[in-house]
Amino acid sequence: MEIINSIQEVLSMGLAFVVYLAIPAFIIISAIRKKKLPNNHYTPLDDILEGKVRDHEEENDNKRID
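Remember, predicted model here, so these are calculated numbers, not experimental data. (Residues numbered from 1 in each chain as written. Predicted model: local features only at pLDDT ≥ 70, side-chain atom pairs only at ≥ 80, totals over all residues. Heavy atoms only, no water.)

Student: Can you tell me about the overall build of the protein chain, naming the residues and giving the values?
Tutor: Along the backbone of the protein chain there are three helices and zero strands. Traced from its N-terminal end to its C-terminal end, the protein chain shows the element sequence α-α-α. Accessible area for the protein chain stands at about 6900 Å²; split by element, carbon and sulfur atoms hold 63% of it. (Helix = DSSP H or I, 4+ residues; strand = E, 2+ residues; numbered from the N terminus. Areas by Shrake-Rupley, 256 points an atom, 1.4 Å probe, with all protein chains shown as cover.)

Student: With reference to specific residues and values, describe helix 1 (residues 2–34).
Tutor: A rise of 1.5 Å per residue sets the reference length of helix 1, with its 33 residues, at 48 Å; its end C-alpha atoms lie 46 Å apart and thus fit the reference within 8%. Val-18 marks where helix 1 bends most, by close to 35°. Remark: Lys-35 follows helix 1 within two positions and exhibits a positive phi of approximately 55°. (Expected span 1.5 Å × (residues − 1). Bend = angle between axes of the 7 residues up to and from the residue.)

Student: Mind laying out a nonpolar patch on the surface, listing which residues take part and the relevant values?
Tutor: Where nonpolar side chains cluster on the molecular surface, the patch consists of Leu-15, Phe-17, Val-18, Val-19, Tyr-20, Leu-21, Ile-23, Phe-26 and Ile-27 and spans about 970 Å² of accessible area. Counting through the fold element by element, Ile-27 comes out in helix 1. (Patch = residues over 30% accessible without salt bridge, like charges linked within 9 Å, V, L, I, M, F, W, Y side chains within 5 Å. Salt bridge = Lys/Arg side-chain N within 4 Å of Asp/Glu carboxyl O.)

Student: So, the confidence of the model for the protein chain: which residues are in play, and what are the values?
Tutor: Per-residue confidence for the protein chain averages 77 on the pLDDT scale, and 71% of its residues sit at or above 70. Looking across the protein chain, the model is least confident in helix 3 (residues 56–65), with a mean pLDDT of 63, and most confident in helix 1, with 87. (pLDDT = per-residue confidence, 0-100.)

So this is what it looks like as structure tokens:
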């Protein structure tokens, strides 16, 4: 029974290492290698202003006028 407990403890410590240290370290290292951080200033309004997304209300209004 002690062997099973020790194996379970080692596995849980390994999982904790991966979740709390390895994954964040991988993200940080990849960001440093690319020398670029993700842009968090994006809003859907940017797409609307650039014309990438059409406004369905305007399309319906144009159809009614024509």
